[in-house]
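So the chains spell out like this:
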Amino acid sequence: MTPTELKSVVSGLGMPAFTAKQIAQWLYEKHVRSIDEMTNLSKQNRQRLAEEYEVGALAPIDCQRSKDGTIKYLFPVCCCDTATNNKERFVETVYIPDGDRATICVSCQVGCKMNCLFCQTGKQGWQGNLTAADILNQIYAMPEADTLTNIVFMGQGEPMDNLDAVLQVCEIMTAPWGYQWSPKRITVSSVGVRGKLKRYLDESECHVAISMHSPLHEQRQQLMPAEKAMPITETVELLRQYDFTHQRRCSFEYICFGGLNDSPLYGREIVKLLSGLECRVNLIRFHEIPDVDLPSSDEKRMEALRDYLTHHGITTTIRASRGQDILAACGLLSTAKQAPNNPTTPNNPIYLWKKK
């Protein structure tokens, strides 16, 4: 809830207006798990609040630990916009420690509509959008929450397809009344969704990462059906309207497929496409998924492509593959096989939720 919503809550319960600010501090600064912990509220007001509301933070119901330190969590979600609202849904969330950095890769949908050829999430189809609380709970209830330094919206789902919730989460994470993070600590990815990407760029100061994977229209459309509705050339032209020379960063994600999109030809086409745009490129090794006959690039070809792009003025890095042994690496997240019956899974994950 925002401060305005919290003010409405306390007003409806006959509590002093300043109580809303106190509740926001308990939620977003101190991350309490129960209303009883809000000790600067009077006992009477805590009781009154607890009669109708609950914090509702939901712990993950499962986790898998990689040999490289990456942890994948399974979270129950409320989920909206789905025809089967009564069915339990789950998303996977990945914690990636790296020296003094700790990144959380959050999900914004159950499944995905984009159906990119190389992505396991798209193979399960789209089963619903997460609420803002579903997304926030992945951060709030993660055991390592206090160590987090960065958030990337690169888990399950297309963020622009659930833009209202994503923008609300970004606001809460960066607002003075919320987590008070710098927008530079948050990156939102997209394949490029007409209209919605522009709205995101207009309404948020967080970084943007575009899934490119090929600079050529025909090939990208084979890999990513979204290319038909919004070609990568149009996405780049849209990005040219914004300033990426100061705080906000623009990057392109590029999965390398051996012999398909990792040759000097593609380096030249990428340079041509991105000419004059302040950006960087992240090269990513393809992780094989079932029933998809795509080869993975080798280290030498990826290094050659990196060096070519860097030499031509585009800062390019090769992203380290993390968590592949627990299916937590790029493109491997999926909850098509639902979690087993779990008696501890509540119905409505939300920070301050009116009880039914």
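Now for a description of the structure that goes with this document. (Residues numbered from 1 in each chain as written. Predicted model: local features only at pLDDT ≥ 70, side-chain atom pairs only at ≥ 80, totals over all residues. Heavy atoms only, no water.)

Quick look at the overall build of the protein
Part 1: When you go through the protein residue by residue, the secondary structure sums to 11 helices and 14 strands.
Part 2: Taking 21 Å as the expected radius of gyration for a compact globule of 356 residues, we find that the protein reaches 21 Å, a close match to that expectation.
Part 3: Counting only C-alpha atoms, the protein reaches 70 × 45 × 40 Å along its principal axes.
Part 4: For the protein, the residues scored as buried account for 54% of the 356 residues in total. (Helix = DSSP H or I, 4+ residues; strand = E, 2+ residues; numbered from the N terminus. Rg over C-alpha atoms; globule rule 2.2 N^0.38 Å. Buried < 20%, exposed > 50% of the residue type's maximum accessible area, 1.4 Å probe, protein only.)

Overview of the nonpolar core
Part 1: One finds Met38, Phe118, Phe153, Phe252 and Leu274 to be the most contacted residues of the largest nonpolar core, which totals 104 residues.
Part 2: Looking at which element gives the most residues to this core, the answer is helix α6 (residues 163–174), with eight residues.
Part 3: Contact partners of Phe118, with chain neighbours within four places excluded, come to His213, Leu223, Met224, Ile255, Phe257, Phe286, Ile289, Leu294 and Gly331.
Part 4: Residues Val94, Val152, Ile326 and Leu333 belong to the second largest nonpolar core, which totals six residues. (Core = buried A, V, L, I, M, F, W, Y, C linked by side-chain atoms within 4.5 Å. Contact = heavy atoms within 4.5 Å.)

Thoughts on the packing of helix α5 (residues 132–140) against α6
Part 1: Running from amino to carboxyl end, α5 crosses α6 at an angle of 45 degrees, the nearest separation of the two axes being 8 Å. Taken together, the axes of α5 and α6 lie oblique to each other. Here the hand of the crossing between α5 and α6 comes out right-handed. In this structure, α5 uses Ala132, Ile135, Leu136 and Ile139 to contact α6, whose residues at the interface are Ala165, Val166, Gln168, Val169, Ile172 and Met173.
Part 2: Here the residues of the contact of α5 with α6 sort into nine nonpolar, one polar and no charged. (Axes fitted to C-alpha atoms, helices over the stretch in contact; angles between N-to-C directions. Parallel < 35°, antiparallel > 145°, perpendicular 65-115°, else oblique. Left-handed = near helix turned anticlockwise from the far one by under 90°. Nonpolar A, V, L, I, M, F, W, Y, C, P; charged D, E, K, R; others polar.)

Regarding the environment of Ile186
Part 1: Locating Ile186 in the fold gives a position in strand β9 (residues 186–190).
Part 2: For the pair Ile186 and Val208, spaced 22 residues apart in sequence, the C-alpha separation works out to 8.6 Å.
Part 3: Sequence-distant contacts of Ile186, defined by excluding residues within four places in its chain, comprise Ile151, Phe153, Cys170, Met173, Thr174, Trp181, Cys206 and His207.

Quick notes on the sheet that holds strand β4 (residues 89–98)
Pairing between the strands of a sheet comes from backbone hydrogen bonds, and it takes one of two forms, parallel or antiparallel.
Part 1: Read from one edge to the other, the open sheet built from 10 strands follows the order β2-β3-β4-β5-β8-β9-β10-β11-β12-β13, with strand pairing classed as mixed. At either end of the open sheet lies a strand with only one pairing partner, and these are β2 (62–65) and β13 (315–318). Across the sheet, the mean angle from the axis of one strand to that of its neighbour is 20 degrees, orientation sign disregarded.
Part 2: Of the strand pairs in this sheet, β9 and strand β10 (residues 207–211) are connected by four bridges, and their pairing is parallel. Across the sheet, Ser190 pairs through a bridge with Ile210, a residue of β10.
Part 3: Running at roughly 160 degrees to β10, helix α7 (residues 196–203) makes contact with β9 and β10 of the sheet. (Pairing = 2+ DSSP bridges.)

What to know about the side chain of Ser204
Part 1: Relative to the helices and strands, Ser204 resides in the loop between α7 and β10.
Part 2: Judged by relative accessible area, which is 7%, Ser204 ranks as buried.
Part 3: At 3.1 Å, the side chain of Ser204 forms a polar contact with the backbone nitrogen of Cys206.
Part 4: Those residues in contact with Ser204 that sit more than four places away from it in its chain are Leu167 and Arg248. (Polar contact = N/O pair within 3.5 Å; in protein donor to acceptor, adjacent residues only side chain to side chain.)

Digging into the pattern of salt bridges
Part 1: Applying the stated criterion across every chain yields a total of 14 salt bridges.
Part 2: Taking the shortest distance from any N to any O, the salt bridge between Arg319 and Glu253 comes out at 2.2 Å. Of this pair, Arg319 sits in the loop between β13 and β14 (353–354) while Glu253 sits in strand β11 (residues 250–256), and the two are 66 residues apart along the sequence.
Part 3: On the accessibility criterion, Arg319 (27% relative accessible area) is partly exposed.
Part 4: Its relative accessible area of 5% is what places Glu253 among the buried residues.
Part 5: Note that Asp307 is salt-bridged to Arg306, the shortest N-O span being 3.0 Å. (Salt bridge = Lys/Arg side-chain N within 4 Å of Asp/Glu carboxyl O.)

Observations concerning the packing of helix α10 (residues 264–274) against helix α11 (residues 299–311)
Part 1: Relative orientation of the contacting elements α10 and α11 amounts to 35 degrees, with a least axis distance of 10 Å. Seen from above, α10 lies across α11 with right-handed handedness. Across the interface between the two elements, Gly267, Arg268, Ile270 and Val271 from α10 touch Leu305, Tyr308 and Leu309 from α11.
Part 2: Split by residue class, the contact of α10 with α11 holds five nonpolar, one polar and one charged.

Describing the pairing of strand β12 (residues 280–285)
Consecutive side chains along a regular strand alternate between the two faces of the sheet.
Part 1: Of the strand pairs in this sheet, β11 and β12 are connected by six bridges, and their pairing is parallel. Within β12, the residue paired with Ile255 across the bridge is Ile284.
Part 2: Taken together, β11, α10 and β12 constitute a β-α-β crossover, and its handedness is right-handed.
Part 3: Inspection of the sheet shows β12 paired to β13 by four bridges, in the parallel sense. If you follow Leu283 over to β13, its bridge partner there is Ile318. (Right-handed = clockwise from strand over helix to strand, strands pointing away.)

Describing unusual backbone geometry
Negative phi characterises most residues that are not glycine, and trans characterises most peptide bonds.
Part 1: Even without being a glycine, Gln180 presents a positive backbone phi close to 65 degrees.
Part 2: Among the secondary structure elements, Gln180 is positioned in the loop between α6 and β9.
Part 3: Residues other than glycine seldom take positive phi values, yet Asp291 does so here, at roughly 65 degrees.
Part 4: Looking at the secondary structure, you find Asp291 in the loop between β12 and α11.
Part 5: In this structure Asp291 comes out as exposed when scored by relative accessible area, which is 83%.

Nothing here speaks to function; it is geometry throughout.
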